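# Summary of the model geometry
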Amino acid sequence: MKMHAKNRNVAIIGIGQTSLSSHKEDQNQAEMVHEAVRNALADAGLKIGDIDCIVHGNMELFEMQFAPDLWHSLGTGAYGKDEYRITTGGTTGATLVCAADNLVASGLYNTVLAIGMEKLQEGNTTGGITNMADPLWFRNLQTGALTGTTAQEMIDEFGEERAKRAAMRYRIMMDKHAMLNQRAHRRFGLEYSQMEDLMANSPPLVGELRLIHMCSQSDGACAMIFTSEEKVKQGTKNPPVWIRDHIQVHREETIPNLFGFNKPEVTHHLAARKLFARNGIQDPVAYFDVFEMYDPSAWWAVDWLREFFLLKGDEHLRMLEAGDFDLDGRIPINPSGGVIASNPIGATAMLRLAEAALQIRGDAGGHQIKKEVRHALASGFGGTFWSVLMILEKELNWQEVNHD
Amino acid sequence: MTEYFGTTVADIFATMPKRFKPEEAKEVDIAIGYEATGEGGGKWKATIKHGTLKVETVEGELTGCKTTIHTDAETFVGVTLGKISALDALSSQKLRVAGDPKFLMLLLPKIFTPYAAPAKKPDAVTARDIIATLAERFRPEKAEGVAMTIGYDLAGEGGGKWTIVIRDGKCAVREGLADPLTVKMTMEAKTYAGMMVGTIEAVTAFTSGQVKIEGDMAAAAATAKYFRKYVVPGATEAEELISLRVTNSIEQRFATGPVMGRWFAGIREKKFLANRCPKCGRTQIPPREICAWCRVRVHEFVEVGPKGVVTHFDIVYFASPDPLTGAVRDTPYATVYVVLDGATEREAITVDLKKEDIPRLKEGARVRPVWAAVTTGSYRDLIGVELDEEEGSL
Amino acid sequence: MATKRVAICAVAQHKNDSDLWHKRFQGMLLDVLEELQAQTGFTFDEETGVNTIVSCSDDFFDARTISNNGVTDVLGAQYRGEEKMAQEGLNAVGYAQAVILSGYADMVLVMGHCKESQSESRRMIANMGFDPFYGRAVGLDNLNAAALQARAYMKKAGLTEEHLAGIVVRARQFAARNPYANAREIVEAGKVVASPQLCDPIRQLHAYPVSDGAVGMLLASEERAAEFTDKPVWIAGFANCMDSYFLGDRDLTANFALKQAAGRAYRKAGIADPRKEIDLVEVMDAYAYQQPLWLEGLGLCGDGEGARFLDQGGQEKYSVNLSGGMLAGNPVIIAGLYRAAEAALQLKGEAGERQVPDLHRAVAHSTTGAAGQFHSVLILER
């Protein structure tokens, strides 16, 4: 597979998040955005005048705000600047990072600030997600992003006890990570000793998908600043984190055709397969030091680990059971606590990138991985099983290995 | 020492010397007796003479007082803090004054700075403190026509069992659990306190199983709006943050076009008309203008079904409310994925299963459509599917 | 190293219509996709074909939370990369250029659609663009915000009812020669002046009609463009700019954002004097008064000189809106994309009855938000 030659290298040099919560009545949308932008500028040691271009994204119908970037410009600092608004559903935050990468790499802009936001408490989220379905046919049947089919498939494949324990182990692991992350929205203090109780008693939503398995609905914003290699050479406040490559895989609208008698290749698998191949990564588990995955539910998360790491059979369950995905494991998953802990949808996928970059910098704080993080993977998820996958690097040293 | 509204009777007397304003009391010569009954109560005597103050606890009879105040400890604290109207307490005889009450009401604010409950860390507030403020935080205007009985079973320190009765625009708090209850909530007292002071999120506590709710869930969720927000004593009361509630709706008229339109024309005739990709042969349900895989326009329509096989199913226990009406359908309901007879193997259709059939639902079950009595060419024509048991299951 | 230049290889337009009640937007896009493929023969091959699509649509207008989800298949985006420009579509061209210059892709498909007729009222949607606390409550929308701007600008530039009528009459004359335009009937000035007031001073015929449409373009790197066309149109510069949000914070006739955007785009294109170096202009004139106002912003005449520009034949000098402009009807979400399509066709020499000779450089413009809060400028060259 052909690797494209990037016009110039792009680094993440600033990261700003707001607190993530279901209660942000003290800020309107533009003010919340501004909090993230201010934090990112402070992190990068830059002023808004240093930014050439803003990239903005969220879902209009979640807040019921048409062309929200116009109002949010009060908080993004877009006044007088170039600005793009790009949205792709749940993947928006990751797509914004791809876009910022492209904009800087193109040479058209030197320093770009991307911002993803959502104030889910200002709308009806599940209703908003349901509204993505075709209004003529499927909308009446959909329940937001909830489905129990993955749980059932895993139960069919691995047996009820093992599958349920795997999902709950993942869930409790995420909470343990979230407990270390001061910014995380939902932090329960779950213990592995509660596993049986939660498996039996957490209120069911759909089939074996229970309330405890599902992601939250949060208010929050994330902003990131990107600049060119030339600018990085002039000095940065924090160590730069390099964007090596990214891939986006979308698919058609119809969802039921994922639930017939057999399935096409899962988008996550395709994304991983292509991305790793063109970057010469043979063994992703060995190569990456952290994976920030967009995990909307514990069941999907466990299932998708197999897809993203191109694993076979029950390898992903064995790794989970062996603690390989724990914070101090072989390949830690979501030290931040993931989407299950915090989910301001338009910012969610960007938070994966932001958290992965913080791990590379060593600035993740309480949830910093102990061993050195040099290679990070991050994913976004949205639409009807759309996938975005991106590789971040600590050092600018991969070029020699992968170009044809 | 028992606390009311986050403080104790004793603290009110202990802070009296600090709050005393001697310059305002130069002309005053009076001894005031206080008798506070119930837990945390006692007797005190405050002697004010030409700019001096002496506060003493009294065992036995209160003697030598020009004026005495008799009340229960809770009312005493409530009135002192302004949480309970002194006039109301007097009128209801909860507070009685031997002597001239008017004189006291004028005098005391002049010679004492107002008492403020000691600032507490949020985690020092107990569930009992918070329950004690429920009645005063009640908002009758929000509870018009509401009749419900809410039970709290709060375990651990500062906990207990209470029943909150809301009826006829009034709210009463009683010790113990009544039977029957509209809804009963069981949790650790510290969890309840945490939720009330905002250090624990209610949804979080519920999701993680820290709160058990028995009875009417909707009632449990509604209770919050009947009460003003609890404010930790001594904390500056947060400025009220106004939020606007608006329902936005813009009417739409969706084209079906010649492809989806054909599907609906079929549905009206109780037929499933898929369209078949000329390249890969897949039968698209509902039909699309293009085959996404082959990127070719799809012209040919084929009738599939009407019966089919269940490949996957979802039993839905949580129904998402209609975004506009807020209406929530009955749960549990079953959504099934069905590959209709004659359809290609991936192209499932999603439909509801008849409720009575849920207990017998299995993957591989044969189903047949259930149509509306009158079909008009919309998704409403297909009510769902039911098990097709005459043929037996696979 | 990646490519230095990006070409628009082909454009395809769906005819604009006031009410395509019989057609889903999926069907409209598919027509556009097929026409592009017929023109260029491009494929979606993983190695040599389109792997990146930049779409443009809006969740409000489509009444779907992720509007691009409804059209993934007709964009050809199955198991490919796709990004939705959630702004006016001219920005999709600007962004697609960046995707190719970055080296990430060597060809990008740009596809935009919008059916204004689907919603009860486009003004209700525009109202949702105002802040929920004040702007919405007082009933602001793009029309009444434009009326404020119109009144201020008419006063400043000495623009009269006759000028406005002249703009509309001329737009219809060109629209009649554009098979993709919506409102193609010739109108007389008297009819324009007598048409009912929508929001004083904006009359019904001063405003663009409700429109449904779709546009597609194939962009490619300099190295690959020749595979798809022998008449590439080169992107010489693109920039956009955001103005203040609140109307009261802006001088509505100052063109702050447009001047910034145009200045940056001209710099990228190496244009020192736009009045000498631009041959053709397509501006997004949702309302008649906007045509001279935006031409001022583009620097083709001085501040407040719009009326004189019209009187002195500036429209013909710069071949302004030979497509009929937005006044002839394009959906607001892709009205700038239609501008770029027309500019590209003119540079290719494929503009049919509207074709003007000897073109070298053209400008396509678009704007978003109340009274032009946001402007985008694309410079194209032959």
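Since the structure is predicted, the reported quantities are computational estimates derived from the model, not experimental observations. (Residues numbered from 1 in each chain as written. Chains lettered and ligands numbered in written order. Predicted model: local features only at pLDDT ≥ 70, side-chain atom pairs only at ≥ 80, totals over all residues. Heavy atoms only, no water.)

What follows concerns the packing of helix α4 (residues 92-105) of chain A against helix α3 (residues 90-101) of chain C. As a packed pair, α4(A) and α3(C) sit with axes 7 Å apart at the nearest point and diverge in direction by 70 degrees. With respect to α3(C), the axis of α4(A) lies roughly perpendicular. In this structure, α4(A) contributes Cys98(A), Ala99(A), Asn102(A), Leu103(A) and Ala105(A) to the contact, and α3(C) contributes Tyr95(C), Ala98(C), Val99(C) and Leu101(C). Of the residues in the contact of α4(A) with α3(C), the class split is 8 nonpolar, 1 polar and no charged. (Axes fitted to C-alpha atoms, helices over the stretch in contact; angles between N-to-C directions. Helix = DSSP H or I, 4+ residues; strand = E, 2+ residues; numbered from the N terminus. Parallel < 35°, antiparallel > 145°, perpendicular 65-115°, else oblique. Contact = heavy atoms within 4.5 Å. Nonpolar A, V, L, I, M, F, W, Y, C, P; charged D, E, K, R; others polar.)

Overall, antiparallel pairing links the 3 strands, which are arranged β12-β11-β15 (chain B) in an open sheet. Looking at which strands have only one partner, the edges of the open sheet turn out to be β12 (283-284) and β15 (300-304) of chain B. (Pairing = 2+ DSSP bridges.)

On to the interface of chain C and chain A, then. Interfaces are often sized by the amount of accessible area the parts lose when they come together. Between chain C and chain A, the contact holds 68 residues from the first and 69 residues from the second. A combined buried area of about 5,500 Å² lies between chain C and chain A, and 55% of that area is made up of carbon and sulfur atoms. The interface formed by chain C and chain A contains 3 salt bridges. Here Asp82(A) and Arg264(C) are joined by a salt bridge, their closest N and O atoms 2.6 Å apart. The tally of links between chain C and chain A comes to 32 residue pairs in polar contact (both at pLDDT 80 or more). Those elements giving two or more residues to the side of chain C that touches chain A turn out to be α2 (59-62), β3 (81-85), α3, α4 (122-127), β8 (233-242) and α9 (256-269) of chain C. It is α3(C) that provides the largest number of residues to the side of chain C that touches chain A, a total of 7 residues. Within the side of chain C that touches chain A, the residues separate by chemical class into 30 nonpolar, 21 polar and 17 charged. Two strands pair when backbone bridges link them, and strand β3 (residues 82-87) of chain A and β3(C) are joined in this way by 2 bridges, in the antiparallel orientation. Bridge pairing in β3(C) links Thr87(A) to Lys84(C). (Buried area = accessible area lost by both parts, 1.4 Å probe. Salt bridge = Lys/Arg side-chain N within 4 Å of Asp/Glu carboxyl O. Polar contact = N/O pair within 3.5 Å; in protein donor to acceptor, adjacent residues only side chain to side chain.)

Below, the discussion takes up the pattern of salt bridges. Residues and elements named next belong to chain A. On inspection of all chains with the given rule, the structure shows 67 salt bridges over all chains. Notably, a salt bridge pairs Lys 6 with Asp 101, separated by 2.7 Å at the nearest N-O pair. Of the two residues, Lys 6 is situated in the segment before β1 (10-17) and Asp 101 in helix α4; the sequence distance between them amounts to 95 residues. Each member of the pair Lys 6 and Asp 101 is classed as buried. (Buried < 20%, exposed > 50% of the residue type's maximum accessible area, 1.4 Å probe, protein only.)

Given 3.6 residues per helical turn, the α-helix brings residues three or four places apart onto the same face. Look at helix α10 (residues 267-278) of chain A: 17 Å from first C-alpha to last across 12 residues, which is about the 16 Å you get at 1.5 Å a residue. With 9 of its 12 residues buried, α10(A) lies for the most part within the structure. (Expected span 1.5 Å × (residues − 1).)

This brings us to the packing of aromatic side chains. Applying the stated criterion to the full structure yields 34 aromatic pairs over all chains. When the centroid spacing of 4.5 Å and the interplanar angle of 45 degrees are considered together, the rings of Trp304(A) and Phe381(A) count as tilted. Note that Trp304(A) is positioned in helix α12 (residues 298-308) and Phe381(A) in strand β10 (residues 375-382), a separation of 77 residues in sequence. Take Trp304(A): its relative accessible area is 1%, and that puts it in the buried class. Considering the side-chain rings of Tyr287(C) and Tyr289(C), the 6.4 Å spacing of their centres and the 15 degrees angle between planes classify their relative orientation as stacked. The exposure class assigned to Tyr289(C) is buried, which follows from its relative accessible area of 2%. Aromatic rings pair up to connect Tyr294(A), Trp300(A), Trp304(A), Phe381(A) and Phe385(A) into one cluster. A cation sits over an aromatic face here: Arg5(C) above Trp234(C), 3.9 Å from the ring centre. (Phe/Tyr/Trp six-rings, centres within 6.5 Å; stacked < 30°, edge-to-face > 60°. Lys NZ or Arg CZ within 6 Å of the ring centre and 35° of its normal.)

With that out of the way, let us pick up the domain arrangement of chain B. For chain B, the domain assignment lists domain 1 (9-111), domain 2 (122-226) and domain 3 (257-387). Computed from C-alpha atoms alone, the centre-to-centre distance between domain 2 of chain B and domain 3 of chain B is 44 Å. (Domains from an automatic or database assignment.)

Residues and elements named next belong to chain B. In this structure, Lys 45 sits in strand β2 (residues 42-49). Glu 56 provides the closest opposite charge to the buried, salt-bridge-free Lys 45, at an N-O distance of 4.8 Å. Not counting residues within four places of it along the chain, the set of residues in contact with Lys 45 comprises Ala 31, Ile 32, Lys 54, Val 55, Glu 56, Val 58, Leu 62, Thr 63, Gly 64 and Cys 65. (Lys, Arg positive; Asp, Glu negative; His and termini not counted.)

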